[in-house]
Protein chains: 2
Amino acid sequence: MQIRTLPANGRAATRVEATTGSNVLTRLRSDIVNSEFKPSARLKFADMTKRYDVGIGTLREALSQLASEGFVTVEAGKGFKVAPVSAEELVEITDLFIGFETRAIREAIAAGDDDWEANIVAVHHRLRLIEGLPWSERMERHTEWVQRHREFHEALVAACQGRWLLRMRTMMFDQLDRYRFVTKNASESQGRKKFDEHREIMQATVARDGDSAAAMIERHIRDTSDRALKILGQQG
Amino acid sequence: MQIRTLPANGRAATRVEATTGSNVLTRLRSDIVNSEFKPSARLKFADMTKRYDVGIGTLREALSQLASEGFVTVEAGKGFKVAPVSAEELVEITDLFIGFETRAIREAIAAGDDDWEANIVAVHHRLRLIEGLPWSERMERHTEWVQRHREFHEALVAACQGRWLLRMRTMMFDQLDRYRFVTKNASESQGRKKFDEHREIMQATVARDGDSAAAMIERHIRDTSDRALKILGQQG
DNA sequence: AACTCAATTATTTTCGAAACTTTGTGCTTC
DNA sequence: GAAGCACAAAGTTTCGAAAATAATTGAGTT
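Please read these numbers as outputs of a predicted model, since none were measured by experiment. (Residues numbered from 1 in each chain as written. Chains lettered and ligands numbered in written order. Predicted model: local features only at pLDDT ≥ 70, side-chain atom pairs only at ≥ 80, totals over all residues. Heavy atoms only, no water.)

Neighbouring DNA strand C are 22 residues; A:Thr20, B:Arg42, B:Lys44, B:Arg60 and B:Gly77 lie closest to it. Here, DNA strand C places atoms within 4 Å of the protein, and 86% of those atoms are sugar or phosphate. Here a phosphate oxygen of DNA strand C sits 3.1 Å away from a polar atom, N or O, in the main chain of B:Phe45. Contacts to DNA strand C include B:Gly77, whose backbone N or O atom sits 2.7 Å from a phosphate oxygen. Those elements giving two or more residues to the surface near DNA strand C turn out to be α1 (20-33) and α3 (56-69) of chain A together with β1 (42-43) and α3 (56-69) of chain B. (Near = heavy atom within 4 Å. Polar contact = N/O pair within 3.5 Å; in protein donor to acceptor, adjacent residues only side chain to side chain. Helix = DSSP H or I, 4+ residues; strand = E, 2+ residues; numbered from the N terminus.)

Residue and element names in this part refer to chain B. Of the pairings in the sheet, the one linking strand β2 (residues 72-75) to strand β3 (residues 79-82) comprises four bridges and is antiparallel in character. By the bridge assignment, Val74 is partnered in β3 with Phe80. Connecting the antiparallel pair β2 and β3 is a turn made up of three residues, with Gly77 showing a positive phi of about 85°. (Pairing = 2+ DSSP bridges.)

Moving on: α1(A). Residue and element names in this part refer to chain A. Counted at 1.5 Å a residue, the expected span for α1 with its 14 residues is 20 Å, and the 20 Å between its end C-alpha atoms agrees. When we look at burial in α1, the residues that qualify are Asn23, Val24, Leu25, Thr26, Leu28, Arg29, Asp31, Ile32 and Val33. Of the residues flanking the end of α1, it is Ser35, one or two places downstream, whose phi is positive at about 60°. (Expected span 1.5 Å × (residues − 1). Buried < 20%, exposed > 50% of the residue type's maximum accessible area, 1.4 Å probe, protein only.)

It is worth spelling out the protein's contact with DNA strand D at this point. For DNA strand D, the set of nearby residues contains 21 residues, the closest of which are A:Arg42, A:Lys44, A:Arg60, A:Gly77 and B:Gly21. Atoms of DNA strand D within 4 Å of the protein belong to the sugar or the phosphate in 86% of instances, the rest to bases. Between DNA strand D and the protein, one listed contact pairs a sugar or linking oxygen with a side-chain N or O atom of A:Arg42 at 2.8 Å. A distance of 2.8 Å is found between a phosphate oxygen of DNA strand D and a side-chain nitrogen or oxygen belonging to A:Lys44. When grouped by side-chain class, the residues that make up the surface near DNA strand D number seven nonpolar, seven polar and seven charged. (Nonpolar A, V, L, I, M, F, W, Y, C, P; charged D, E, K, R; others polar.)

So, about the packing of aromatic side chains. Residues and elements named next belong to chain A. Under the criterion given, the structure shown has five aromatic pairs over all chains. Seen in terms of ring centroids, Phe45 and Phe80 are 6.1 Å apart; in terms of plane orientation they differ by 80°. Their pairing is edge-to-face. Linking Phe45 in helix α2 (residues 45-52) with Phe80 in strand β3 (residues 79-82), this pair joins segments that are 35 residues apart in sequence. When its relative accessible area of 23% is taken as the criterion, Phe45 is described as partly exposed. Just above the ring of Trp145 sits the side chain of Arg138; from NZ or CZ to the centre is 4.6 Å. The ring of Trp164 has Arg167 sitting right over it, with the charged end atom 4.6 Å from the ring centre. (Phe/Tyr/Trp six-rings, centres within 6.5 Å; stacked < 30°, edge-to-face > 60°. Lys NZ or Arg CZ within 6 Å of the ring centre and 35° of its normal.)

This part takes up the interface of chain B and chain A. Counting from both sides, the interface comprises 24 residues of chain B and, opposite them, 24 residues of chain A. Here chain B and chain A share an interface that buries about 2200 Å² over both sides, 59% of which is from carbon and sulfur atoms. Contact with chain A buries area across many residues of chain B, yet B:Glu61, B:Trp164 and B:Met168 alone supply 29% of it, more than any other trio. As a salt-bridge pair, A:Arg103 and B:Asp95 come within 2.9 Å of each other at their nearest N and O atoms. Our count for the chain B to chain A interface comes out at 17 residue pairs in polar contact (both at pLDDT 80 or more). (Contact = heavy atoms within 4.5 Å. Buried area = accessible area lost by both parts, 1.4 Å probe. Salt bridge = Lys/Arg side-chain N within 4 Å of Asp/Glu carboxyl O.)

Residue and element names in this part refer to chain A. By volume, the second largest pocket amounts to about 350 Å³. Per-element tally for the lining of the second largest pocket: the top contributor is helix α10 (residues 210-235), with three residues. Here the residues of the lining of the second largest pocket sort into 10 nonpolar, five polar and two charged. The residue makeup of the lining of the second largest pocket includes at least three contributed by each of domain 1 (20-82) and domain 2 (87-235). (1 Å grid on protein atoms, 1.4 Å probe; cavity = no way out; pocket = protein on both sides within 12 Å on 5 of 7 lines; lining within 4 Å. Points joined across faces, edges and corners; volume = space filled by probe spheres on them. Domains from an automatic or database assignment.)

All right, on to the nonpolar core then. Residues A:Met172 and B:Met172 are the most contacted members of the largest nonpolar core, which totals 78 residues. Filtering out sequence-adjacent residues up to four positions away, B:Met172 remains in contact with A:Trp164, A:Met168, B:Ile93, B:Leu96, B:Phe97 and B:Phe100. (Core = buried A, V, L, I, M, F, W, Y, C linked by side-chain atoms within 4.5 Å.)

So, on to the environment of B:Tyr179. Residue and element names in this part refer to chain B. Summarising the element assignment, Tyr179 is placed in helix α8 (residues 163-180). For the pair Tyr179 and Leu232, spaced 53 residues apart in sequence, the C-alpha to C-alpha distance is 8.8 Å. When neighbours within four sequence positions are excluded, Tyr179 is seen to be in contact with Val85, Ser86, Glu89, Leu90, Ile93, Ala228 and Leu232. At 2.5 Å, the side chain of Tyr179 forms a polar contact with the side chain of Glu89.

Laid out in structure tokens, this is it:
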């Protein structure tokens, strides 16, 4: 699922980048998550082919995949739109995600080996390095934080054996990212709180304490969602 | 998910069929579920364009959607394959489906109105009409039974408000259909048992007894899956 | 025989022109 | 002025040729 797009730097004409197909899929999804395209906005092919510099067919393929993932809606003959957002949907997605994540982490704790544990510690450290920064710097590197935050949560459940469980968990995580976007400008005290929570979750997990880890994750997620919900309510 | 094709005009040359795109998606999925293409089989564009009489692009779009749904796998540059099946996967899918279905039916029972109830009774009756047939006839109309069985289970949860819950429930139901295929030739006594179970589930649901309905559904599904699992184990 | 590596064949992936649909606009009629 | 109709404009959907990539074959070498 994660196609890493590496900097197409000015080196010799080496072909490091992903194929245009999965590349445009990733960029498009990222643009929707980051609200470059507003919810319910129409996605016209004419505009898109220029923006992403790909053919109509390639774009169409990416868009129909995003439709399966729930990021866009499609109506035959009328084209594609960015899926709308709503408070009700956020509540449901949060609920489902917590269910998946807590279940996955219990299974991971039961099945995880030393490599899994070591990776969690490593990835958590990478997250710390950004979260520990002075607030202004931390905000400047928000995109990077999003990525590392994702990697941290992914590492926690990586040892879970259920492929479908992980798949659905990832789907819901991706959807939550869209809503997390509205809390981008959270306060410094909130940021500090998260910093601590991540450490506690990491510790409970490597201590193989499934109940604590699950409970902490639930609080951690619900907290963020509640704040997003409040902001969403103020806006409309 | 179900694209209803409404006749765009009342003209003589009426176009009753779905647009090529969603049409080929449906046919392809159906062919995979019915094992026309065996698990892990390669899906070559040259063959497919002839079989379905559509262009490469259209086919590609359908295939990448089926990839998101988990029916096919895709490897960049190497094309598409039918997703493999395994006993482990069946166990996981069954588990997840039961979780979704029982949760959905409780919510439906809490929220359902008179129309919802009436529809369940109607759809159950349509199912009965096939299940009550002499066994040989019942088997001849197996495809029709699959459709009505799906409609029955869909009607039960139709009043559930969670869009994502229903979505994931449908995903898992579709996946189960693939495995149900192997139990197509179940015995007459098994068929009779299902006949009774469907009636009991229907009755518990319209009686608004969520606990009973959920418990019965769990037994009902797990029973079928266990039988499929046995057959799957014998084969490989 | 086992191992290159270059040429050839098979297959996938991309792209945009052409066909088709929907939406918008202005004219006609009642 | 509203409703209907015809035509133009805007947009989407389909298709297959062409480019790019992967797999195969086979001659030459160790």
